[in-house]
Amino acid sequence: MKQRTIILIIITLLLVTACSQKDNAPTSAPQTESDQRETLTIFAAASLTEAFSELGELYEAEHPNVRVMFNFAGSQRLAQQLAHGAPADIFASANQLQMLGAVDAERVDPEDMEMFIGNQLVIVYPPDNPGYVRRPLDLSYPIVDLVLAAEEVPAGQYTMKFLGNASQDGALGSDYKSKVLENVVSYEENVRAVLSKVQLGEADAGIVYESDISNLSPLQIGSVEIPSPFNIYANYYIAPVTDSTRSELAEDFISFVFSTEGQDILIKYGFLPLF
Amino acid sequence: MTATKHAPPFLLGSTAPADRAGSNAHPVNKFPTIRPGFRRLVQLASLPMLIFFMVPLAALLLRSSPNQWLSSLSQPHIIQAVAISLGTTLIATLVSVLFGTPLAFALARDLLPLRRVFDTLIDLPTVLPPAVAGIALLMAFGRRGVFGGTLDILGIHIAFTPIAVIMAQTFIAAAFFIKAASIGFAIVDRELEQAAGLDGASSWQTFRYLILPLSWSAMLSGAVMTWARALGEFGATIIFAGNFAGRTQTMPLAIYLGFELNLDTALTLSVVLIGFAFLALLLVKQFLHRDWI
């Protein structure tokens, strides 16, 4: 029994002290055969996961001597990781604020950062629509259980901006924002968690990026467009990391993102072209 | 269980407190078999692990000042997180004790069919990633879960409420109590029970007046472990109960989100959490005069 208790002590100590969630490990494109290749490490916003994975595969196909590795996570988390010295070559953020966080940490030169694609918000609901959501106004009715992204996350900040715009406009009522916020049952820690909970039917509605639902059919998720006067235009920023040892390669990948081919892939995944 | 052989001396002897204190002195110390040289060596070899445990915790304390804690502690969202954490973990611990005690006794005395299977089942939540537990709870008790539909008709909503927080904590942490209590029950001397039975005590009386008092220290230490683990619960909570300040946002959730926007919040709550857990564990160890929780 003594041994059992010692093991128990060790296990419990580990469990009790482990309050933090593990960070996303960099995910690599599925090629490992040769180590001769140069590795390009890209920190990219979670909402870019599918689109950038395809960009990475395409880039590798065109440059056999390059291996592209991604670290996908919430932009705020990536900015934190960069600020704490995580090695990277490129940072792609879902908003300007987090890119500026990397600038503050002196990992990105403010003159290098560029807008490369846009995104918009969309209201989503489970396919059987238990909350009867048909238009943006319906979000303000008390029967709707709403899930939003937390304000720590870019999507959450954009959502607050959209609600503010809608209230100011007045067409949906000047108390639209406060009524909608009263319906919120959870502020999720990333925008994909919002989508999951709505898809599972745990909530009646949620607000996510247009690009998040681009590969889902109407049978999997219902959606309501947010009219352009209220909707926000999310600006995605990309920049090479200043202390990267592969800055030429990084520049080349960034110009690939800006190429027609790169932009077409992003647009295919529901992103909006730059004005 | 063969635990009886290795039971702490005080559980095998008389239950009189004076006697317990007396027999608590470790018999090994009377006949030292470890020579001073070897003792030094072991102490030295223990250092790396001790330092490894201490440095991150000390760094947390160094990165923030007591002034910072006090000013952060007066912020409403931090008070809310602390209050919700304390409230939910206390209820989760009570539930674990109330419903875990019969199960622990059944396991200790082999009163259940398939005991080994159930015993392993209880271990599962402690080794599974908490996220798995969260998804499983959602599948069972979420709105579209196995029982969710029925509960929904009855007007009971669990997801996104403090009840969901308590359920997540209980699911993850109850095993600590059940395991400890079960060991406590198993090492009660059967001869005492037989004597009680000969003196006319019913099974319930034997359990209530003999087994429970003899196992209370094991139960208490198990309950504290359950409480401390519940206090740190994160993964299952954020998936099953969501995150809403003042309703389901416990300290670990506030720390995780605070890390991304407000590092001060995260640091303060981390210090509070460590303080609570450390004090609780230390108190119980002191109180029970034993080193094995």
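Asker: What is the right way to look at the overall build of chain B in this model?
Answerer: For chain B, the helix and strand inventory stands at 14 helices and zero strands. Helices and strands appear in chain B in the N-to-C order α-α-α-α-α-α-α-α-α-α-α-α-α-α. When burial is assessed residue by residue, chain B has 44% of its 293 residues classed as buried. Expressed as a percentage of contacts within chain B between residues at least 6 apart in sequence, the contacts between residues at least 24 apart total 74%.

Asker: Would you explain the overall build of chain A in this entry?
Answerer: Of the regular secondary structure elements, chain A holds nine helices and eleven strands. In chain A, buried positions account for 54% of the 275 residues. Sequence separation of 24 or more characterises 77% of the internal contacts of chain A that already satisfy a separation of 6 or more. Here chain A displays about 12,100 Å² of accessible surface, and carbon together with sulfur accounts for 53% of that area.

Asker: Just to check I follow, could you spell out empty space enclosed by the protein for this structure?
Answerer: Once rolled over the atoms, a probe with the size of a water molecule shows which space is left empty. All names here are of chain A. As enumerated under the stated definition, the model contains four cavities of 30 Å³ or more in all. What lines the second largest cavity is A45, A46, S47, G74, S75, A94, V153, P154, A155, N190, V191 and Y209. Grouping the constituent residues of the lining of the second largest cavity by class yields eight nonpolar, four polar and no charged. When residues of the lining of the second largest cavity are assigned to domains, at least three fall in each of domain 1 (2-118 + 235-268) and domain 2 (121-225).

Asker: Got a minute to help me understand helix α9 (residues 260-268) of chain A in this structure?
Answerer: Residue and element names in this part refer to chain A. Residues G262, Q263, I265 and L266 constitute the buried set of α9. Considered in projection along α9, the buried side chains sweep an arc of 155° and stay on one side of the axis. Residues of α9 that are exposed and point more than 90 degrees away from the buried face comprise T260 and K268. Packing partners of the buried residues in α9 comprise α2 (49-62), β5 (114-119) and α8 (247-258). Just past α9, the residue G270 takes up positive phi, approximately 90°.

Asker: Teacher, can you tell me more about a nonpolar patch on the surface here?
Answerer: On the surface, L44(B), L47(B), M49(B), L50(B), I51(B), F52(B), F53(B), M54(B) and V55(B) cluster together to form a nonpolar patch covering roughly 890 Å² of accessible area. Within the secondary structure layout, L50(B) lies in helix α3 (residues 36-63).

Asker: What am I meant to see in the pattern of salt bridges here?
Answerer: Oppositely charged side chains are able to pair whenever their charged atoms sit close together. By the definition in use, this model includes 16 salt bridges over all chains. With a closest N to O distance of 3.8 Å, D145(A) and R143(B) form a salt bridge. Of the two residues, D145(A) is situated in the loop between β6 (121-125) and β7 (146-149) and R143(B) in the loop between α7 (130-141) and α8 (148-153); the pairing between them involves two chains. Judged by relative accessible area, R143(B) falls into the buried class, the value being 18%. A salt bridge links D110(B) to R115(B); its shortest N-O distance comes to 3.6 Å. Salt bridges linked by common partners bring E38(A), D89(A) and R246(A) together as one network.

Asker: Can you walk me through the sheet that holds strand β10 (residues 222-225) of chain A in this structure?
Answerer: Hydrogen bonding along the main chain pairs the strands of a sheet, whether they run parallel or antiparallel. Residues and elements named next belong to chain A. Taken in spatial order, the five strands of this open sheet run β8-β7-β9-β6-β10, and their pairing is mixed. Each edge of the open sheet is held by one strand with a lone partner, namely β8 (184-188) and β10. Each strand axis lies, on average, 30° off the axis of its neighbour in the sheet, ignoring direction. In the sheet, β6 pairs with β10 via four bridges, with the strands oriented antiparallel. Directly across from V124, in β10, lies its bridge partner S223. The sheet strands contacting helix α5 (residues 154-169) are β6, β7, β8 and β9 (205-209), and the helix crosses β9 at an angle near 110°. Its contacts with the sheet put helix α7 (residues 191-199) on β6, β7, β8 and β9, and the angle it makes with β9 is roughly 140°.

About the thresholds
- Sequence positions are assigned chain by chain, starting from 1 and proceeding in written order.
- Chains and ligands are labelled by the order in which they are written, letters from A for the one and numbers from 1 for the other.
- Where local features are concerned, this predicted model is filtered to residues with pLDDT of at least 70; where side-chain atom pairs are given and counted, the filter is 80 or more; whole-chain, interface and lining totals use all residues.
- Remark: hydrogens and water are excluded; side-chain values derive from all non-hydrogen atoms of the structure.
- Only DSSP runs of H or I covering at least 4 residues are called helices, and only runs of E covering at least 2 are called strands; the numbering of each starts at the N terminus.
- Whether a residue is buried, partly exposed or exposed follows from its accessible area with a 1.4 Å probe, protein chains only, as a fraction of its type maximum: under 20%, in between, or over 50%, in that order.
- Whether two residues are in contact is decided by their heavy atoms, any of which lying within 4.5 Å being enough.
- For every accessible area listed, the method is Shrake-Rupley and the probe measures 1.4 Å; residues are considered covered only by the protein chains on display.
- In this analysis the probe radius is 1.4 Å and the grid spacing 1 Å, with only protein atoms considered; a cavity is a set of points the probe fits into but cannot get out of, a pocket is an open set with protein on both sides within 12 Å along at least five of seven lines, and lining residues have an atom within 4 Å of a point.
- Grid points are joined across faces, edges and corners, and a volume is the space filled by probe spheres set on the points.
- Under the grouping applied here, Gly and all other residues not named as nonpolar or charged are polar, the nonpolar ones being Ala, Val, Leu, Ile, Met, Phe, Trp, Tyr, Cys and Pro and the charged ones Asp, Glu, Lys and Arg.
- All domain edges in this entry derive from an automatic or database-based domain assignment.
- An arc is given here, and it is the one of the directions from the helix axis to the C-beta atoms.
- Patch construction takes residues with relative accessible area above 30% that form no salt bridge. Like charges are linked within 9 Å, and nonpolar side chains (Val, Leu, Ile, Met, Phe, Trp, Tyr) are linked within 5 Å.
- In the sections that follow, a salt bridge refers to a side-chain nitrogen of Lys or Arg positioned within 4 Å of a carboxyl oxygen of Asp or Glu.
- Pairing between strands is defined by DSSP: at least two bridges between the two strands are required.
- Axis definition: a line fitted to C-alpha atoms, limited for helices to the stretch in contact. Angles are taken between N-to-C directions and run from 0 to 180 degrees.

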